[in-house]
Amino acid sequence: MKRSKIVFTANVDLDGDCSFDIEVIRPDVKTHTYISYGHADLFTEFGKQLMAFPRDAAETVCFEWGSAEHPSSLGYLRIEAYCTSPMGHTALRIIADNNELRATHHRFEFSISSEAASINRLGALLVNWQVESTPQIVWKAETR
């Protein structure tokens, strides 16, 4: 059985500016977002929040880049960790929108089920990511 995964790839230029490619893959759907003009610790705070997730069944933790309401040349990405049941089952909701107009527009919204411990590991990967020496990290969802 194929597992869902997120591939984070960083590119650091000579000035220290970072760009990121984020590819989210579920066996039946795949999306890609490009983030330009980021900084090396762009995902650190989100990672810290994921490491402590979930504190209760109503908690959500999210990373947002771009704007969903104001289309521009920049896309939109939202990665949201949430509980799917009061028993603490968890998932990541992905929303990716290229914010383009008409025939070139696309928007994907889907979820990836994953154990809370696996989401916590994603947080640790993001917190400890040294983009200069490790340009890519891959997280695979774990489910029972």
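Each remark here, short or long, concerns the structure printed above.
The sections below set out a description of the structure shown in this document. This is a predicted model, so every value here is computed, not measured.

The subject of this paragraph is the sheet that holds strand E7 (residues 107–114). If you walk across this open sheet you meet the 4 strands as E4-E5-E6-E7, and the pairing is antiparallel. Either end of the sheet is taken by a strand with one partner, and the two such strands are strand E4 (60–65) and E7. For this sheet, the mean angle separating the axes of adjacent strands, direction not counted, is 10°. In the sheet, strand E6 (residues 90–97) pairs with E7 via 8 bridges, with the strands oriented antiparallel. The residue of E7 that forms the bridge with Asp-97 is Arg-107.

Turning to the packing of aromatic side chains, a few remarks are in order. Two aromatic rings are characterised by how far apart their centres lie and by the angle between their planes. What the rule picks out here adds up to 7 aromatic pairs. Centre to centre, the rings of Phe-46 and Phe-63 are 5.9 Å apart; their planes meet at 45°, and the pair counts as tilted. Of this pair, Phe-46 sits in helix H1 (residues 44–51) while Phe-63 sits in strand E4, and the two are 17 residues apart along the sequence. On the basis of relative accessibility, which here comes to 3%, the residue Phe-46 falls in the buried class. Classification of Phe-63 by relative accessible area gives buried; the value is 6%. Chaining the aromatic ring pairs together yields one cluster made of Phe-8, Phe-20, Phe-43, Phe-46, Phe-63 and Trp-129.

Parameters and conventions
- Residues numbered from 1 in each chain as written.
- Predicted model: local features only at pLDDT ≥ 70, side-chain atom pairs only at ≥ 80, totals over all residues.
- Heavy atoms only, no water.
- Pairing = 2+ DSSP bridges.
- Helix = DSSP H or I, 4+ residues; strand = E, 2+ residues; numbered from the N terminus.
- Axes fitted to C-alpha atoms, helices over the stretch in contact; angles between N-to-C directions.
- Phe/Tyr/Trp six-rings, centres within 6.5 Å; stacked < 30°, edge-to-face > 60°.
- Buried < 20%, exposed > 50% of the residue type's maximum accessible area, 1.4 Å probe, protein only.

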